Amino acid sequence: MADKPLVPHMRLDDLLSELHSRLEAVLATRDRVHALLEAVVSVGSDLDLETVLRRITEAATRLVDARYGALGVVGEGGTLERFIPVGMTEEEIARVDHWPHGKGLLGLLIKEPRTLRMADITDHPESYGFPDGHPPMRSFLGVPIRVRDEVFGNLYLTEKAGNGVFDEDDEAVVTALARAAGVAVENARLYDETRRREDWLRVSTEMTTGLLSGDDPDEVLVAMARRARELARADTVTVSFPHGETMRIEIAEGFGAELLRGRDVPLESSLAAAALRTGALQSTPDLRAHTAYPAHLEQVPLGPAIAVPLGRAGTARGVLSLAKRVGPPPFSEADLRMAEALGGQAAVALELADARRDAERLGLLEDRDRIAKDLHDVVIQRLFAVAMTLMSTVRMVDHPTATTRMQHAVDELDQTIKEIRSTIFALQSPPQTGQSRSLRGQVTELVEAARDQLGFMPGIRMEGPLDNTVPEEVAEQLRAVLREALSNVARHARASRARVLVEAGGGALLLEVSDDGVGIPEGGRRSGLRNLADRAARLGGTFTAERAEGGGSRLRWQVPLDRG
């Protein structure tokens, strides 16, 4: 009996083989789906943006068995502001001449954000080739990452394992990963922006607290500048202030600080001057292209920069400037907003600190004035009364020793009164912060210097804001007139008392010197008086010399303070 044909058996083998192949495909698909799910979970498990971006790139490379992968973040102007490579060693990365800027084939993905899959990258007409030191690559898969409706960046995958090419399944897997990555990137960006905003606000709070607590403003601004440089990821920070016809850099931290600190920046072309003039934030992708780069900055290759005014136009106190070295991308919009907010807060804090210091100074001056009035109205009057009592008692004492002692006591009281009067004058003169003396102090010195010539201490009264409203030219003439008027009293008046009044108010400065002497003689020499009149006339003022009621003389020298 003949054997039966083996066809049914062969068909069964074929069916089993096909079933096995399909089962392997299902298992491979299951494994890939599991891998994709694990990648999605891994990508979304961290909120640090840099970590999320690297995990996305590494997951995409594993999912499609690519040797190399990269993620390019698209910045302003359609260029790559960040490039994260995977699959290359540190030595290989160091050998690459430069990373892509978003030109050629990568630029095509930026201009036309859709999936691009190729067997050989060098065959595409947009391919520019590779920079020096770049490893060779053939197969290519590019997939955009979208955050909402915005293209955040692109995934670039090359060199499929086994010299293969990327297929539709690879494209589908990476596209699915890119969609999940968009959500993870958005969360990380929001978290990063929130954290940085909190850091900026913390710096602003620390600065305001320091200024309002009485800390040295220079130290507070230095700390603010240092923290702003850290938060904005800048290489250099400066704070410059108006200085005549230039902007002087008073504070500099970071790269090139020693070359920048103390330098003057021209008002015509500098970024800081533009911010000061407009009262608005200024930015540039390359500081060298925006300004006439000074010679001393040639060793400081600064590129992206922003300048933030500390105040509004016309009232800005200075400018905070942040800059990066040539090469890195410009500052982000978040950096610009935060720096601008910090500049505004700094201006307000400086104004409040000035107001606090002015209030403290006013309180000090009020206390000094109150003490001076108490000394004048109470202490001096009582001492004067005691001295008068002793003087009247001297004539009643016959013992020579007692008389001498009482006369000595009267002299001591007279000297004490003069010293207290000098103290009153000093209290009525505002404290000076520099080496120059105030006008009140100079007038007091002149009057006290005339005491030896006169034989007594003249009375003196000063009214009005002498130290704030009298120009130096007028103050110089005032001192000369006072010196000559007191000299005339000492030489001609034969007076026992004299009074000096200096008053600033109503747009004019008045000097009045009166005495109880013999008065101005008729037909006497008047060359000295003509000199005083000439000094008044040169300043657009007036001068009079007349006999005082009850005897003596009175000189009035008055000039305008506002001469137009």
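Here goes a summary of the coordinates provided. Numbering of residues starts from 1 in each chain and follows the order in which that chain's sequence is written. Two thresholds apply to this predicted model, a pLDDT of at least 70 for residue-level local features and 80 or more for giving and counting side-chain atom pairs, whereas whole-chain, interface and lining totals are computed over all residues. To get the side-chain values, take all heavy atoms of the structure and skip hydrogens and water.

1. Thoughts on the overall build of the protein chain
For the protein chain, the helix and strand inventory stands at 16 helices and 16 strands. Using a 1.4 Å probe on the protein chains alone, a residue whose accessible area is under 20% of its type maximum counts as buried, one over 50% counts as exposed, and one in between counts as partly exposed. Relative to its 564 residues, the protein chain shows a buried fraction of 41%. Accessible areas in this description were obtained via Shrake-Rupley with a 1.4 Å probe; residue shielding takes into account the shown protein chains only. Roughly 31300 Å² of accessible area belongs to the protein chain as shown, and the carbon and sulfur atoms make up 51% of that amount. In this description a helix means any DSSP run of H or I spanning at least four residues, a strand means any run of E spanning at least two, and both kinds are numbered starting from the N terminus.

2. A word on the pairing of strand S15 (residues 542-547)
A pair of strands counts as paired when DSSP detects no fewer than two bridges linking them. As defined by bridge partners, S15 adjoins strand S16 (residues 553-560) across six bridges and the pair is classed as antiparallel. Across the sheet, Phe543 pairs through a bridge with Trp557, a residue of S16. Taking the residues that link successive antiparallel strands as the turn, the S15-S16 hairpin has five residues, and the phi of Gly550 there is positive, at about 85°.

3. Thoughts on the sheet that holds strand S9 (residues 282-284)
Across the sheet, which stays open at both edges, the six strands sit in the order S8-S7-S6-S11-S10-S9 with antiparallel pairing between neighbours. What marks the edges here is a single partner per strand, and that holds for strand S8 (264-266) and S9. Neighbouring strand axes in the sheet, compared pairwise and without regard to direction, differ in orientation by 25° on average. Bridging between strand S7 (residues 246-254) and S8 involves three bridges; their strand directions are antiparallel. For Thr246, the partnering residue across the bridge sits in S8 and is Pro266. The criterion used for residue contact is that any of the two residues' heavy atoms lie within 4.5 Å. Here an angle of 0 to 180 degrees is reported between the N-to-C directions of two axes, which are lines fitted to C-alpha atoms, with helices fitted over the stretch in contact. Strands strand S6 (236-243), S7 and strand S11 (319-325) of the sheet are contacted by helix H6 (residues 217-231), whose axis makes an angle of about 60° with S7.

4. Re the pairing of S16
Along S16, the buried face is formed by Ser553, Leu555, Trp557 and Val559; none of Arg554, Arg556, Gln558 and Pro560, which line the opposite face, is buried. As paired strands, strand S14 (residues 508-515) and S16 are joined by eight bridges and run antiparallel to one another. Paired with Asp515 across the bridge in S16 is Ser553.

5. Brief notes about a nonpolar patch on the surface
Where nonpolar side chains cluster on the molecular surface, the patch consists of Leu212, Val348 and Leu352 and spans about 230 Å² of accessible area. Topologically, Val348 is positioned in helix H10 (residues 333-394). The partly exposed category is assigned to Val348, whose relative accessible area is 44%. Patches in this entry comprise residues that are over 30% relatively accessible and not in a salt bridge; like charges within 9 Å are linked, as are nonpolar side chains (Val, Leu, Ile, Met, Phe, Trp, Tyr) within 5 Å. Within this document, salt bridges are pairs made up of a side-chain nitrogen of Lys or Arg and a carboxyl oxygen of Asp or Glu, the two lying within 4 Å of each other.

6. A closer look at the nonpolar core
Across soluble globular proteins, nonpolar side chains have a tendency to be buried as a group. Buried residues of nine kinds, namely Ala, Val, Leu, Ile, Met, Phe, Trp, Tyr and Cys, make up a nonpolar core once their side-chain atoms join them within 4.5 Å. Within the largest apolar cluster, 39 residues are counted, with the highest numbers of intra-cluster contacts made by Val443, Leu482, Val500, Val502, Leu509, Leu511 and Trp557. Residue assignment for this core shows that the elements contributing at least two residues are helix H12 (439-449), strand S12 (459-463), helix H15 (472-493), strand S13 (498-505), S14, helix H16 (527-538) and S16. Looking at this core element by element, the count peaks at nine residues for H15. What Leu511 contacts, discounting residues up to four positions off in sequence, is Leu478, Val481, Leu482, Val500, Leu501, Val502, Leu555, Arg556 and Trp557. If you look at the next biggest cluster of nonpolar residues, it comprises 30 residues, including Val203, Leu221, Ala232 and Leu336.

7. Quick look at unusual backbone geometry
Across the chain, the bulk of peptide bonds are trans and the bulk of non-glycine residues have phi less than zero. The backbone of Glu159 sits at a positive phi, close to 60°, despite the residue not being glycine. Residue position: Glu159 is located in strand S5 (residues 150-160). Phi at Arg233 is positive, roughly 55°, even though this residue is not glycine. By the secondary structure assignment, Arg233 is in the loop between H6 and S6. Looking at Arg233, the relative accessible area reads 51%, which means it is exposed.

8. A closer look at the environment of Ile380
Residue position: Ile380 is located in helix H10. Since its relative accessible area comes to 6%, Ile380 is described here as buried. Separated by 34 residues in sequence, Ile380 and Asp414 place their C-alpha atoms 9.8 Å apart. For Ile380, the contacting residues outside a window of four places in its chain are Leu375, Ile417, Ile420, Arg421 and Ile424.

In short, the description is geometric, and any link to function would need to be established separately.
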